[in-house]
Amino acid sequence: MALVTTTEMFKKAYHGGYAVGAFNVNNMEIVQAITEACREEKAPVILQVSKGARAYANHTYLVKLVEAAVIECPEIPIALHLDHGDSFETCKACIDGGFTSVMIDASSKPFAENIEITRKVVEYAHDHGVVVEAELGALAGIEDEVNVSADNAHYTRPEEVEEFVSKTGCDSLAIAIGTSHGAYKFKPGTKPQLRFDILEEVSRRLPEFPIVLHGSSSVPKEYVDMVNAYGGAMPGAVGVPEEQLRHAAQLSVCKINIDSDLRLAMTGTIRKFFAEHPEKFDPREYLKPARANIKELVRHKLVDVLGCSGKA
Ligand code: G3H
Ligand code: 13P
Ligand code: ZN
C-alpha cells in the first residue's frame, strides 16, 4: 500500500469508536518501533514530522525513512503528516515534498487571520490531493519554539467551530480541552480532567467531523521513575490519564497525538543501559533496547488507549 491520506482512516475511526495514533518521528529507530508495532497489531497509523524534526533530521531523510516503512509494512495504511505547520510556505514544502496530510497551526492568531491562512493552505493542499488539519484554541506547553504559558492557554470556544470549518474547508480540527504539550501537563496532586463537555458540544455542532487531540501523552510513571533512577531529574511530570483518552477515542476524536511518551521511553531506557553498562559505546547496543521499549509502548497505546488494533 502506498502512503495514504487520513480521509478513509478517519471515516472508519469515527464510526468504529476508536482513534488513530499520530506519533512523531525523528529518526530511523522511532520509525521502525512505531511501524513494527502497528504492523503486528494490524493498526492504521499517522507518522508525523514537526518543524523541529525537519530541522534536525532533514526533510528528505524523514520522507525516505517513512517510504521505507511503507515498503516494509505493506498491510497497513500509513499517512505522513506535517505536525504544527507554522506557515503556508512550510505546508507547501511538505505538500510538494511527498506528505499526504499537513497541519496549519495558526491557533495563536486572531480568529479571522486563522481562517484566512488555513483557507489558503486548504486550497493548495486539496488541489494536490493532500488533507489539512487546523486548530482552534490554545494548548499550554512547548511545541517547536513556541512556549504557551498556562495563563495564555485557552479552551476551544464551541460557538466558533462551525464558522471556522465551513469557511476554511479543513478536513479535521484540533481542539483544546485541557491537554497540553510536554511532560508536565497537570500540577502534581491535582486531579487531571479533560473538558468532555466542550468536546461533546463541538461534536454536536460538527456531526461526523474528525476531531484531533494534541498533547495526549500519559507520561508513564514507569519511565519517569526510570529516568529519575538513572541520573535524570523530572520531578512532577504528569500526563493525561489513559482512560480519559480511551473515552475521547470512543467519541468524535479520530486522531490522538503522542510524542513525549516515546521520548521518555527512549531516554529512560538509554539512561538505564548506560548506568548498567558503563563500558559500552556502540550506539546499536543502547538504541536496540530503546527501540524495543518504544515498540511495546506503542503496542499498549494501540490496544488499550486508541482501540485501533485490528482496524487496518
Ligand atoms: O507538539 C510538538 C511535538 O511534540 C513535536 O515536538 O517540536 O520538539 O519536534 P518538537
Ligand atoms: P505530547 O507532548 O503530549 O506527546 O503531545 C504531542 C503532540 O501533540 C504533537 O503534536
Ligand atoms: Zn501538538
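In short, a report on the structure. (Residues numbered from 1 in each chain as written. Chains lettered and ligands numbered in written order. Predicted model: local features only at pLDDT ≥ 70, side-chain atom pairs only at ≥ 80, totals over all residues. Heavy atoms only, no water.)

## Comments concerning the overall build of the chain
In step 1: The helix and strand tally for the chain stands at 12 helices and 10 strands.
In step 2: Taken against the 2.2 N^0.38 rule, which gives 20 Å for 312 residues, the C-alpha radius of gyration of the chain at 19 Å falls within 12% of a compact globule.
In step 3: Along the longest, intermediate and shortest principal axes, the C-alpha atoms of the chain span 60 × 45 × 35 Å.
In step 4: The proportion of buried residues among the 312 residues of the chain is 55%.
In step 5: Across the chain, contacts joining residues at least 24 apart in sequence account for 77% of those joining residues at least 6 apart.
In step 6: Accessible surface computed for the chain: about 13500 Å², of which carbon and sulfur atoms make up 53%.
In step 7: Between the averaged position of the 33 positive side-chain charges in the chain and that of its 44 negative side-chain charges there is a distance of 3 Å. (Helix = DSSP H or I, 4+ residues; strand = E, 2+ residues; numbered from the N terminus. Rg over C-alpha atoms; globule rule 2.2 N^0.38 Å. Buried < 20%, exposed > 50% of the residue type's maximum accessible area, 1.4 Å probe, protein only. Contact = heavy atoms within 4.5 Å. Areas by Shrake-Rupley, 256 points an atom, 1.4 Å probe, with all protein chains shown as cover. Lys, Arg positive; Asp, Glu negative; His and termini not counted. Charge placed at Lys NZ, Arg CZ, Asp CG, Glu CD.)

## Examining the pairing of strand β3 (residues 78-85)
In step 1: Counting buried residues along β3, 8 of its 8 residues qualify, which places the element largely inside the surrounding structure.
In step 2: In this sheet, β3 lies alongside strand β2 (residues 45-50) in parallel orientation, the contact comprising 6 bridges. If you follow Val 49 over to β3, its bridge partner there is Leu 82.
In step 3: The pairing of β3 with strand β4 (residues 101-104) spans 3 bridges and is classified as parallel. In the sheet register, Leu 82 faces β4, and the bridge partner there is Val 102.
In step 4: For the crossover that starts at β3, traverses helix α5 (residues 88-96) and ends in the parallel β4, the hand is right-handed. (Pairing = 2+ DSSP bridges. Right-handed = clockwise from strand over helix to strand, strands pointing away.)

## Comments concerning the pattern of salt bridges
In step 1: For the structure on display, the rule yields 22 salt bridges.
In step 2: Measuring nitrogen to oxygen at the nearest pair gives 2.8 Å for the salt bridge that ties Lys 295 to Glu 40. Here Lys 295, found in helix α12 (residues 283-306), pairs with Glu 40, found in helix α2 (residues 28-41); they are 255 residues apart in sequence, far enough to count as distant.
In step 3: Exposure remark for Lys 295: the relative accessible area of 14% places this residue in the buried category. (Salt bridge = Lys/Arg side-chain N within 4 Å of Asp/Glu carboxyl O.)

## Re the site of ligand 2
In step 1: The immediate surroundings of ligand 2 are formed by 16 residues, with Asp 83, Lys 185, Ser 217, Asp 259 and Ser 260 found nearest.
In step 2: In this structure, Asn 257 approaches ligand 2 through a side-chain N or O atom, which is 3.2 Å from an oxygen atom.
In step 3: Against a free-state accessible area of 310 Å², the protein chains account for coverage of 96% of ligand 2.
In step 4: Elements with a minimum of two residues in the shell around ligand 2: β3 and β10 (253-258).
In step 5: When its residues are assigned to classes, the shell around ligand 2 shows 1 nonpolar, 12 polar and 3 charged. (Near = heavy atom within 4 Å. Polar contact = N/O pair within 3.5 Å; in protein donor to acceptor, adjacent residues only side chain to side chain. Nonpolar A, V, L, I, M, F, W, Y, C, P; charged D, E, K, R; others polar.)

## Some words on the state of the cysteines
In step 1: The final tally for this structure, using the stated rule, is 0 disulfides.
In step 2: For Cys 38, which is in no disulfide, the shortest distance to another cysteine sulfur is to Cys 308 and amounts to 6.6 Å.
In step 3: The class of Cys 38 is buried, set by a relative accessible area of 0%.
In step 4: Cysteine Cys 94 shares no disulfide, and the gap to the nearest cysteine sulfur, in Cys 91, comes to 7.1 Å. (Disulfide = S-S within 2.5 Å.)

## A short note on the coordination of the zinc ion (ligand 3)
Geometrically, a metal with four donors at the corners of a regular tetrahedron has ideal angles of 109.5 degrees, and one with six donors at the corners of a regular octahedron has ideal angles of 90 or 180 degrees.
In step 1: Summarising the metal site, the zinc ion (ligand 3) is bound by the protein donors His 84 (NE2), His 181 (NE2) and His 214 (ND1), whose distances to it range over 2.1 Å.
In step 2: Here the donor residues of the zinc ion (ligand 3) are spaced in sequence according to H-x96-H-x32-H. Taken together, the positions of His 84 in strand β3 and His 214 in the loop between β9 (211-213) and α9 (221-229) put the pair 130 residues apart, joining distant regions of the chain.
In step 3: His 84 gets classed as buried once you look at its relative accessible area, which sits at 8%. (Donors = N, O, S within 2.8 Å, 3.2 Å for Na, K, Ca; no water.)

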